Amino acid sequence: MFLLIRVNLQERLKHLDGLRGLAIISVFGYHLFVVNSKSDFFSIIFRYGDLGVHLFFLISGFVIFMSLEKSKNFLTFIKKRYFRLFPSMLFASVLYCIMFYPFDALNLLPGLTFVDPRIINLIAEINTKEISAVFWTLFIEFKFYYIVGIAYFALKEKTGIFIGFLYLFYLASKFLNLYFPNQIFVYLYDLGKLMGFAWFSWFATGIFIYKQISTKKIFYFYLICLFSFLSSLHLSVQYGSVPLFICCVLINFLFYLSFYSKKIISFFTNNFFLAFGLASYPLYLMHNFLLFPIQSKFEKIFGVELYAIYSLITFFGISFFSLLIAKHYEPIFKKKMNLKKL
């Protein structure tokens, strides 16, 4: 049985770091064992590992709203967000330049600015692309930061409702564009896709969980149920998968229950998950473009038969490297650049 508790929002919620650890383990395992599909055993375990991205979005919705309540204004908030993510992105970009020289320098621009390359092309007419395919989530995160930041200092308590509305706007434009083709609906749907509104249901759910815990209002619990259901249904319909729906529901339920269950908190505050949580951001940035060259070397030496074994070595090797970056490089960089207070 679960021992139910109520967390203190004024303290650092260490179990969120552990949940970040779970999220990055899932994503890394998905790219390592499912995308390559060379290990049946691990591919089954990590079949839905890409849902770790959605767990990241849930956590962001919760944490970002908490951060907004502590920010003086929008510029202070967005500055904190940018310099929280910039040091590891700079390191990853330099590492990429060393590994893949010669390279197109313009492709560093989206990562270092956290601006979607499509928006860069639209505004500045510069053709560029991200250096890693996984950066798409960072672009969505930063769109969310800008939108939720501006909305918060204009709407305050109604911000979560506004973020949820943007998701519903996307769903409506998608439906209208599908069944009632019209140039206006096409434009609205394209706008929703460009801004990443399809993922805002996950951010909104995170915000509503924060508001429900902090205010204890049942209204927010109903919104949690609604947007958790819509998030799960949306993905499962898109990919035609009932198991995917169940996995999405379980992710939402796990995240919500983690604020009330002592056993879940204890489980995700063990050193294993906390270490991966600390390393999660640099590990997310680098794992995708490091995987291919490392795995190619191993395959040439050992062949495909030992794929599971040397993949585990790759997994823990890159993870340990990322932990060193998070534990030593980031603090030193922030200190040198006088970013410690951000």
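Overview of the structure. Worth saying up front: this structure is predicted, and the values here are computed from it rather than measured.

**Some remarks on the packing of helix H10 (residues 200-215) against helix H12 (residues 242-257)**
Relative to each other, H10 and H12 sit at 30°, their axes nearing to 11 Å. Accordingly, the angle class assigned to the pair H10 and H12 is roughly parallel. Where H10 crosses over H12, the handedness of that crossing is right-handed. Between H10 and H12, the contacting residues are Trp202, Thr205, Gly206, Ile209 and Gln212 on the first element and Cys248, Ile251, Asn252, Phe255 and Tyr256 on the second.

**Observations concerning the environment of Leu19**
For Leu19, the position within the fold is in helix H1 (residues 14-34). Taking the C-alpha atoms as reference, Leu19 lies 7.3 Å from Phe273; in sequence the two are 254 residues apart. The contact partners of Leu19, leaving out residues within four places of it in the chain, are Leu55, Ile59, Leu254, Phe255, Ser258 and Phe268.

**What to know about the packing of aromatic side chains**
Taken as a whole and assessed by the stated rule, the structure comprises 61 aromatic pairs. Judged by centre distance (6.1 Å) and plane angle (70°), the rings of Phe56 and Tyr284 are edge-to-face. Taken together, the residues span a long stretch of sequence, with Phe56 in helix H3 (residues 52-68) and Tyr284 in helix H14 (residues 271-302) at a distance of 228 residues. Tyr284 carries the same exposure label as Phe56, and that label is buried. Between Phe221 and Tyr256, the ring centres sit 6.0 Å apart and the planes meet at 55°, which makes this aromatic pair tilted. One end of the pair, Phe221, is in helix H11 (residues 218-239); the other, Tyr256, is in helix H12, and 35 residues separate them in sequence. Looking at Phe221, the relative accessible area reads 29%, which means it is partly exposed. With a relative accessible area of 15%, Tyr256 lands in the buried category.

**Quick word on unusual backbone geometry**
Between Tyr101 and the following residue, Pro102, the backbone shows a cis peptide bond with an omega angle of -5°. In this structure, Pro102 sits in the loop between helix H4 (74-99) and helix H5 (109-113). One non-glycine residue with positive phi stands out, namely Lys156, at about 55°. Within the fold, Lys156 resides in the loop between helix H7 (136-155) and helix H8 (159-179). A positive phi angle, close to 65°, is found at Lys216, a residue other than glycine.

**Details of H7**
Look at H7: 28 Å from first C-alpha to last across 20 residues, which is about the 28 Å you get at 1.5 Å a residue. Across the 20 residues that make up H7, a large majority, 14, are buried. Just beyond H7, the residue with positive phi is Lys156, at close to 55°.

**Some remarks on H10**
Given a rise of 1.5 Å per residue, 16 residues ought to cover 22 Å, and the 22 Å separating the end C-alpha atoms of H10 matches this to within 8%. Within H10, 14 of the 16 residues are buried, which leaves the element mostly enclosed by the surrounding structure. Looking one or two residues past H10, Lys216 carries a phi angle of roughly 65°, positive in sign.

**As for the packing of H4 against H14**
Where H4 contacts H14, the two axes come as close as 9 Å, and the packing angle between them is 15°. Taken together, the axes of H4 and H14 are roughly parallel relative to one another. Note on packing geometry: the crossing formed by H4 with H14 is right-handed. In this structure, H4 uses Arg84, Leu85, Ser88, Met89, Phe91, Ala92, Leu95, Tyr96 and Met99 to contact H14, whose residues at the interface are Tyr281, Pro282, Leu285, Met286, Phe289, Leu290 and Pro293. Broken down by class, the residue content of the contact of H4 with H14 amounts to 14 nonpolar, 1 polar and 1 charged.

**A word on the side chain of Ser232**
Of note, Ser232 is situated in helix H11. In this structure the side chain of Ser232 is engaged in a polar contact, spanning 2.8 Å, whose partner is the backbone oxygen of Ser228. With residues near it in sequence (within four places) discarded, Ser232 still touches Phe245, Cys248, Val249 and Asn252.

**Some thoughts on the side chain of Asp116**
With respect to the helices and strands, Asp116 occurs in the loop between H5 and helix H6 (117-124). In this structure, Asp116 is in contact with Phe139, Lys143 and Leu194, ignoring residues within four places of it in sequence.

**Some details on a nonpolar patch on the surface**
Side chains of Ile301, Phe302, Leu306, Ile309 and Ile313 sit close together on the surface and give an oily, nonpolar patch of about 500 Å² of accessible area. When residues of the nonpolar patch are traced back to their parent elements, those giving at least two are H14 and helix H15 (307-336). Secondary-structure assignment places Phe302 in helix H14. What makes Phe302 partly exposed here is its relative accessible area of 41%.

**Here we look at the state of the cysteines**
A complete count under the given rule lists 0 disulfides for this structure. Counting only cysteine sulfurs, Cys248 is the nearest neighbor of Cys225, a cysteine outside any disulfide, at a range of 16 Å. Judged by its relative accessible area of 38%, Cys225 falls in the partly exposed class.

**Focus on the nonpolar core**
One recurring pattern in soluble globular proteins: nonpolar side chains tend to sit buried together. Phe62, Phe144, Ile163, Phe200, Phe255 and Phe259 are the most contacted members of the largest nonpolar core, which totals 97 residues. At 12 residues, the largest contribution of residues to this core is made by H3. The residues touching Ile163, leaving out its near neighbours within four places in the chain, are Phe144, Ile147, Val148, Phe200, Phe203, Ala204 and Ile207.

Reading the values: the criteria
- Residues numbered from 1 in each chain as written.
- Predicted model: local features only at pLDDT ≥ 70, side-chain atom pairs only at ≥ 80, totals over all residues.
- Heavy atoms only, no water.
- Axes fitted to C-alpha atoms, helices over the stretch in contact; angles between N-to-C directions.
- Helix = DSSP H or I, 4+ residues; strand = E, 2+ residues; numbered from the N terminus.
- Parallel < 35°, antiparallel > 145°, perpendicular 65-115°, else oblique.
- Left-handed = near helix turned anticlockwise from the far one by under 90°.
- Contact = heavy atoms within 4.5 Å.
- Phe/Tyr/Trp six-rings, centres within 6.5 Å; stacked < 30°, edge-to-face > 60°.
- Buried < 20%, exposed > 50% of the residue type's maximum accessible area, 1.4 Å probe, protein only.
- Expected span 1.5 Å × (residues − 1).
- Nonpolar A, V, L, I, M, F, W, Y, C, P; charged D, E, K, R; others polar.
- Polar contact = N/O pair within 3.5 Å; in protein donor to acceptor, adjacent residues only side chain to side chain.
- Patch = residues over 30% accessible without salt bridge, like charges linked within 9 Å, V, L, I, M, F, W, Y side chains within 5 Å.
- Areas by Shrake-Rupley, 256 points an atom, 1.4 Å probe, with all protein chains shown as cover.
- Salt bridge = Lys/Arg side-chain N within 4 Å of Asp/Glu carboxyl O.
- Disulfide = S-S within 2.5 Å.
- Core = buried A, V, L, I, M, F, W, Y, C linked by side-chain atoms within 4.5 Å.

By themselves these figures say nothing about function.
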